[in-house]
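# Descriptive structure summary
Listed here are the chains, written in short residue letters.
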Amino acid sequence: MTNQEIFDLVACFDRSTAQTMKLSTQEFTIELTRGGAAAPQAAAPAAAPAAPAAAPVAPSAPVAAGPSIDAPLVGTFYTSPAPDQAPFVLPGDRVSKGQTVCLIEAMKMMSEVPAPCDCVIESVCKSNGELVAFGEPLFRYKPC
């Protein structure tokens, strides 16, 4: 199973009303549960250590209107590439199409989230280290 297939599976679960889901193959088991109840963890092959949370970056005041950069998958939102580094973008920053604006960690995999167009970041909608759902706004921006 590819990473994209796993991300798609998690996104479908997130959009559904199902409370639990379990998928088992010869190589691995995935178990998803809603409601904050901790599900028993399946053994995974040699997982990399989790990335520590980056320095806190508070979300800026929400902007009511305007386009947003949305979460492409369910995971943990990170504003910087490492805890000791500056955030990818801050409100007021001008970014180019394709420039990385944040990372989302899902299943020990880091995915870069690119800017959809040349734009100015107006606000950050999530806090560093916060869980995000598929399609949830991460940033508000103004196209250039």
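Tallying secondary structure elements over the protein gives one helix and 10 strands in all. The helix and strand sequence of the protein, counted from the amino end, reads α-β-β-β-β-β-β-β-β-β-β. Residues counted as buried form 28% of the 144 residues belonging to the protein.

Here we take up the sheet that holds strand β7 (residues 109-114). The four strands lie next to each other as β7-β6-β4-β9, forming an open sheet whose pairing is antiparallel. A strand with exactly one partner marks an edge of an open sheet, and here the two such strands are β7 and β9 (131-132).

Attention shifts here to the confidence of the model for the protein. When the pLDDT values of the protein are averaged, the result is 81; 79% of them are 70 or greater. For residues 37-49, every residue scores under 50 in pLDDT, and the model assigns this stretch six contacts once sequence neighbours within four places are set aside. Taken together, the stretch residues 51-55 has pLDDT below 50 and engages in 14 contacts with residues farther than four places along the chain or on a different chain.

Turning our eyes to something else, we now look at the side chain of Ser80. Mapped onto the elements, Ser80 comes out in the loop between β4 (75-78) and β5 (94-95). Of note is the side chain of Ser80, whose polar atom sits 2.9 Å from the backbone oxygen of Ala82.

Attention now moves to the pairing of β7. Pairing between strand β6 (residues 100-106) and β7: six bridges, direction antiparallel. When the sheet's bridge partners are listed, Leu103 is paired in β7 with Glu112. Following β6, the chain reverses through two residues before pairing antiparallel with β7; Met107 in that reversal takes a positive phi of roughly 55°.

With that out of the way, let us pick up the sheet that holds β5. Taken together, the four strands give an open sheet; going across it, the order is β3-β10-β8-β5, and neighbouring strands pair in antiparallel fashion. Edge positions in the open sheet fall to β3 (68-70) and β5, since each of these has one partner strand only.

What follows is about the environment of Ala106. Among the secondary structure elements, Ala106 is positioned in strand β6. Sequence separation between Ala106 and Asn3 is 103 residues; the distance between their C-alpha atoms is 9.7 Å. In contact with Ala106, not counting residues within four places along its chain, are Phe7, Leu73, Val74 and Gly75.

Our next topic: the pattern of salt bridges. Under the definition given, this model contains two salt bridges. In this structure, Glu130 and Lys126 form a salt bridge, with 3.7 Å as the shortest nitrogen-oxygen distance. A residue is classified by how much of its surface remains accessible, and Lys126, at 11% relative accessible area, is buried. Taken together, the shared-partner salt bridges connect Lys126, Glu130 and Glu136 into one network.

The subject of this paragraph is the nonpolar core. Counting 20 residues, the largest nonpolar core has Val101, Leu138 and Phe139 as its most contacted members. Those elements that place two or more of their residues in this core are β6, β8 (119-124) and β10 (137-143). In terms of residue count, β6 provides more of this core than any other element does, four residues in total. Excluding anything up to four places from it in sequence, Phe139 contacts Pro67, Ser68, Ile69, Phe77, Val89, Val101, Cys102, Ile121, Ser123, Val124 and Cys125. Listed in part, the five residues of the second largest apolar core include Ile6, Val10, Ile30 and Leu32.

Scoring rules and cut-offs
- Residues numbered from 1 in each chain as written.
- Predicted model: local features only at pLDDT ≥ 70, side-chain atom pairs only at ≥ 80, totals over all residues.
- Heavy atoms only, no water.
- Helix = DSSP H or I, 4+ residues; strand = E, 2+ residues; numbered from the N terminus.
- Buried < 20%, exposed > 50% of the residue type's maximum accessible area, 1.4 Å probe, protein only.
- Pairing = 2+ DSSP bridges.
- pLDDT = per-residue confidence, 0-100.
- Contact = heavy atoms within 4.5 Å.
- Polar contact = N/O pair within 3.5 Å; in protein donor to acceptor, adjacent residues only side chain to side chain.
- Salt bridge = Lys/Arg side-chain N within 4 Å of Asp/Glu carboxyl O.
- Core = buried A, V, L, I, M, F, W, Y, C linked by side-chain atoms within 4.5 Å.

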